Amino acid sequence: CSGPGVCRGGRRDMALRCAASLPAGPRPPCPRLPRAAREGTVRWSSAAKASAVKINEKASREKILTLESMNPQVKAVEYAVRGPIVLKAGEIEKELRKGIKKPFTEVIKANIGDAHAMGQRPITFLRQVVALCTYPNLLDSPSFPEDAKKRARRILQGCGGNSLGSYSASQGINCIREDVASYIERRDGGVPADPDNIYLTTGASDGIATILKILVSGGGKSRTGVMIPIPQYPLYSAAISELDAIQVNYYLDEENCWALDVNELRRSLNEAKAYCNPKVLCIINPGNPTGQVQNRKCIEDVIHFAWEEKLFLLADEVYQDNVYSEGCQFHSFKKILYEMGPEYYNNVELASFHSTSKGYMGECGYRGGYMEVINLHPEIKGQLVKLLSVRLCPPVSGQAAMDIVVNPPIPGEESYSQFIKEKESVLNNLAKKAKLTEDMFNKVPGIHCNPLQGAMYAFPRIFIPSKAIEEAKAHKMAPDMFYCMKLLEETGICVVPGSGFGQREGSYHFRMTILPPVEKLKILLEKVKDFHIKFLEKYA
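Since we're looking at a predicted model, the values are computed, not measured. (Residues numbered from 1 in each chain as written. Predicted model: local features only at pLDDT ≥ 70, side-chain atom pairs only at ≥ 80, totals over all residues. Heavy atoms only, no water.)

Asker: Run through the overall build of the protein, naming residues and quoting values.
Answerer: Helix and strand counts for the protein stand at 20 helices and 14 strands. If you take every contact in the protein between residues at least 6 apart in sequence, the share linking residues at least 24 apart comes to 70%. (Helix = DSSP H or I, 4+ residues; strand = E, 2+ residues; numbered from the N terminus. Contact = heavy atoms within 4.5 Å.)

Asker: So what about unusual backbone geometry? Which residues, and what values?
Answerer: The omega torsion across Ile-230 and Pro-231 is 5°, close enough to zero to call that bond cis. As for its placement among the helices and strands, Pro-231 is situated in the loop between β3 (224-230) and α10 (235-242). Residue Pro-286 is reached from Asn-285 by a cis peptide bond, and omega for that bond is -10°. Secondary-structure assignment places Pro-286 in the loop between β5 (277-284) and α12 (296-309). Not every positive phi belongs to a glycine, and Asn-375 is a case in point at roughly 65°. Secondary-structure assignment places Asn-375 in the loop between β8 (368-374) and α15 (378-390). If you check the backbone angles, Ala-455 has positive phi at about 65° while not being a glycine.

Asker: Residues and numbers for α15, please.
Answerer: The end-to-end C-alpha distance of α15, which contains 13 residues, comes to 19 Å, matching closely the 18 Å that a straight helix rising 1.5 Å per residue would cover. Leu-392 sits one or two residues past α15 and shows a positive phi near 65°. (Expected span 1.5 Å × (residues − 1).)

Asker: Would you mind going over the packing of aromatic side chains in detail, with residue names and values included?
Answerer: Describing an aromatic ring pair means giving the distance of the ring centres and the angle of the ring planes. Under the definition given, this model contains 14 aromatic pairs. A ring pair is formed by Tyr-319 and Tyr-457, whose centres lie 5.9 Å apart and whose planes are at 85°; its orientation type is edge-to-face. Here Tyr-319, found in the loop between β6 (312-316) and α13 (333-339), pairs with Tyr-457, found in strand β10 (residues 457-458); they are 138 residues apart in sequence, far enough to count as distant. Each member of the pair, Tyr-319 as well as Tyr-457, is classed as buried. Site record: aromatic cluster; members linked through ring pairs are Phe-441, Phe-482, Tyr-483, Phe-510, Phe-531, Phe-535 and Tyr-539. Just above the ring of Tyr-457 sits the side chain of Arg-511; from NZ or CZ to the centre is 3.8 Å. (Phe/Tyr/Trp six-rings, centres within 6.5 Å; stacked < 30°, edge-to-face > 60°. Buried < 20%, exposed > 50% of the residue type's maximum accessible area, 1.4 Å probe, protein only. Lys NZ or Arg CZ within 6 Å of the ring centre and 35° of its normal.)

Asker: Provide a residue-level description of the sheet that holds strand β13 (residues 496-497), including the pertinent values.
Answerer: What the three strands build is an open sheet, ordered β10-β14-β13; its pairing is antiparallel. One side of each edge strand has no neighbouring strand; the edge strands of this open sheet are β10 and β13. Note: β10 against strand β14 (residues 510-513), two bridges, orientation antiparallel. Each bridged residue has a counterpart across the sheet, and for Tyr-457 the counterpart in β14 is Thr-513. (Pairing = 2+ DSSP bridges.)

Asker: Please provide a residue-by-residue account of the pattern of salt bridges, values included.
Answerer: Taken as a whole and assessed by the stated rule, the structure comprises 27 salt bridges. In this structure, Arg-154 engages Asp-179 in a salt bridge whose closest nitrogen and oxygen atoms are separated by 2.6 Å. Of this pair, Arg-154 sits in helix α7 (residues 146-157) while Asp-179 sits in helix α8 (residues 174-187), placing them 25 residues apart in sequence. Judged by its relative accessible area of 33%, Arg-154 is partly exposed. The shortest N-O distance in the salt bridge between Glu-300 and Arg-296 comes to 3.1 Å. (Salt bridge = Lys/Arg side-chain N within 4 Å of Asp/Glu carboxyl O.)

Asker: So what's going on with the environment of Ile-469? Which residues, and what values?
Answerer: Take Ile-469: it is sitting in helix α18 (residues 466-474). Placed eleven residues apart in sequence, Ile-469 and Asp-480 show a C-alpha to C-alpha distance of 8.6 Å.

Asker: So, the environment of Gly-189: which residues are in play, and what are the values?
Answerer: Note on placement: Gly-189 falls in the loop between α8 and β2 (198-202). With relative accessibility at 67%, the residue Gly-189 sits in the exposed group. Sequence spacing of Gly-189 and Lys-335 is 146 residues, and the spatial spacing of their C-alpha atoms is 8.1 Å.

Asker: Explain the sheet that holds strand β4 (residues 246-251) to me, and be specific about the residues and the numbers.
Answerer: Spatial ordering of the open sheet is given by β2-β8-β7-β6-β5-β3-β4, a layout of seven strands whose pairing is mixed. Every interior strand has two partners, whereas the edge strands, β2 and β4, have only one. Averaged over all adjacent pairs, the angle separating strand axes in this sheet is 25°, with direction ignored. Strands β3, β4 and β5 of the sheet are contacted by helix α11 (residues 262-272), whose axis makes an angle of about 150° with β4. (Axes fitted to C-alpha atoms, helices over the stretch in contact; angles between N-to-C directions.)

Asker: Can you tell me about the packing of helix α9 (residues 203-215) against α15, naming the residues and giving the values?
Answerer: Viewed as axis vectors pointing N to C, α9 and α15 meet at an angle of 125°, and their least axial separation amounts to 11 Å. Regarding the angle of α9 to α15, the classification is oblique. The two elements α9 and α15 meet at a crossing, and its hand is right-handed. Facing Thr-210, Ile-211, Lys-213 and Ile-214 of α9, the residues of α15 in contact are Ile-380, Gln-383, Leu-384, Leu-387 and Leu-388. Class assignment of the residues belonging to the contact of α9 with α15 gives a composition of six nonpolar, two polar and one charged. (Parallel < 35°, antiparallel > 145°, perpendicular 65-115°, else oblique. Left-handed = near helix turned anticlockwise from the far one by under 90°. Nonpolar A, V, L, I, M, F, W, Y, C, P; charged D, E, K, R; others polar.)

Asker: Any chance you could break down the side chain of Thr-437 for me, citing the residues and the numbers?
Answerer: Following the sequence through the fold, Thr-437 ends up in helix α17 (residues 416-441). The exposure class assigned to Thr-437 is buried, which follows from its relative accessible area of 0%. Here Thr-437 is in contact with Leu-452, Ala-458, Met-512, Ile-514, Leu-521 and Leu-525, once residues within four sequence places are set aside.

Asker: Give me the lowdown on the pairing of strand β7 (residues 350-355), citing residues and values where you can.
Answerer: Within β7, six of the six residues are buried, which leaves the element mostly enclosed by the surrounding structure. Of the two faces of β7, the one carrying Leu-350, Ser-352 and His-354 and the one carrying Ala-351, Phe-353 and Ser-355 are both buried. Bridge count between β6 and β7: four bridges; the pairing is parallel. In the sheet register, Leu-313 faces β7, and the bridge partner there is Leu-350. Bridge count for β7 against β8 is six bridges, and the pairing is antiparallel. When the sheet's bridge partners are listed, Ser-352 is paired in β8 with Glu-372.

Laid out in C-alpha cells, this is it:
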C-alpha cells in the first residue's frame, strides 16, 4: 500500500478490509498495487521527483543551534581530564573489543582520580549506612551493626516522608549539616563552626562553581578576575570560561616542591589590575595536580595577603586526608584564619570545600560534598540560598554518604575496629604508591618528579626533544599532548598532558593518578620508563 491505512485509490475502508484479511507478521505488498510497485521497481514521474526534492529541502533546513550560534562561553570551556586523550582511549578500547591487535591488551586509565574504578574497595560502614537509608526494611536485619542503623535512622528522620527519595532543603538535610559542623570543630581543635554556614553540594565542584557564579560581575576592566594556581585543576579554568570571568594565573614554584610564594601572588595581582578587577583567590591544598602540602607559615602569608588586598578566599581542601610525606601536615585555612586573631577571622571571606570523592573514601559516584562559607554578607547569604534553590537540592544519597565521612564510627562502637582498619589500609597503601611513583620516575633519564606529599597524582616534568616538538607542531598538537597520545597508542596508558593544567612556557608535564593496585602500578611505571627511553632515542 502507499501508506499506513491507505490503499492504492486512497480509500481508507478498502485499506482496513485489506489489512484485516492478512495474517499477523510481515505483510506482503497489497495485491491491488501494480506489479512494478509490488516488486519495488515503480518509476516516479518528473513531477513526483520535484515534489520529493522540495520535501527533502524542507527536511534539511539549517539548524538553529550550530557552533556559530551556540553560547560562546560554553564553547570556550575545556576540561583536559576528560578531553581528547580520553576520547582516543575510548576508541582504542572499542577496537580491542573488536579483536583489533594492539601492542597491549588493555587501556589503563590513569587520567582521573576515580579510586573505585581502579579497584579500591568501598569502606564497609559507609556502604552499610547508605544501603540502610536506601532500603529501610534492612533496618530489621541482624546482618547490619547497630551503629550503622542508628546513623541511618537519624538521616531518614531528617528526610521528607523518612525517604531518601524525597527532596531535601536546598542547603541540605539539617542533621547532616550539624554533623559537618561538629566534624569541622573536631578537625580544627575546637574552632567553632555554625551549621547555618554549611551548604551540602553535588561534590565539591558544584560548590566551587556556585560560589564563583555569585562572585563574578562587572564589565571591561571592572570584570571579576579569579586568581588560580598554575598548574591548576581544570574545573577552575572551565568555570571561569563559562562565566566569562577573567583568569588570573599565579605560578607555583616547581623548583621548590611546587611551593606557593606570596611574592608571585603579588606580581600576578598587580599585573591583572591593568585589565580586570581581581577579587577571588583560589587555593588547592593539598595540591591537584602537583601534590604539595602547604605549611602553616605559607597559609598565614596567603591569608594576610587576602586580607590586605581584599580578596575572597576559596580553599579547595578535598584531599585533606591524603597527606603522606613525613613532616607534612594538613592545616585548614579556617583553623589558621581563626588563630590569626579577630581582625582576620571576623573579616576575611572564606569558602572551604570537601567531598566524598577523594580521601580514603573514593566515593566519586555519590557526588557528595559540602562547603563552609564564613563572613558572608547577610544579604548575600539569602542570594546564595536562592541560587542553590534553583537546582532544588544535591543528591540525597550523596548527602548521606557525606554524613558518614564526617560522622564515622568512634572508639567503643561496634564498627570502629573494622572502619579504622579499612581507612588506614587505604591511606597507607596510597603513601606507599606515592613513594614508589616518585622513586621510579626519578630513575628515568629525562623525567623529574617532585615528592608526592599529598593528594593522589604525580605530575612529573618530562624532557621533549626539539625534533618531537616540531613533529607535534606539524600535527597541530601541544608537545606534551603529542607525547601523551604516543604513550597511549604504544602502551595503552592514558595520562593527561600538563598543558591541560597549565605550566610555565617551555616546560612539559603529564598528570598520572597513583590509584592502581601496587603490582599494576609497577607495570604501568615500567611501561612509561620503556616508552620514554624509546621516545628520546627516536627524537634525539
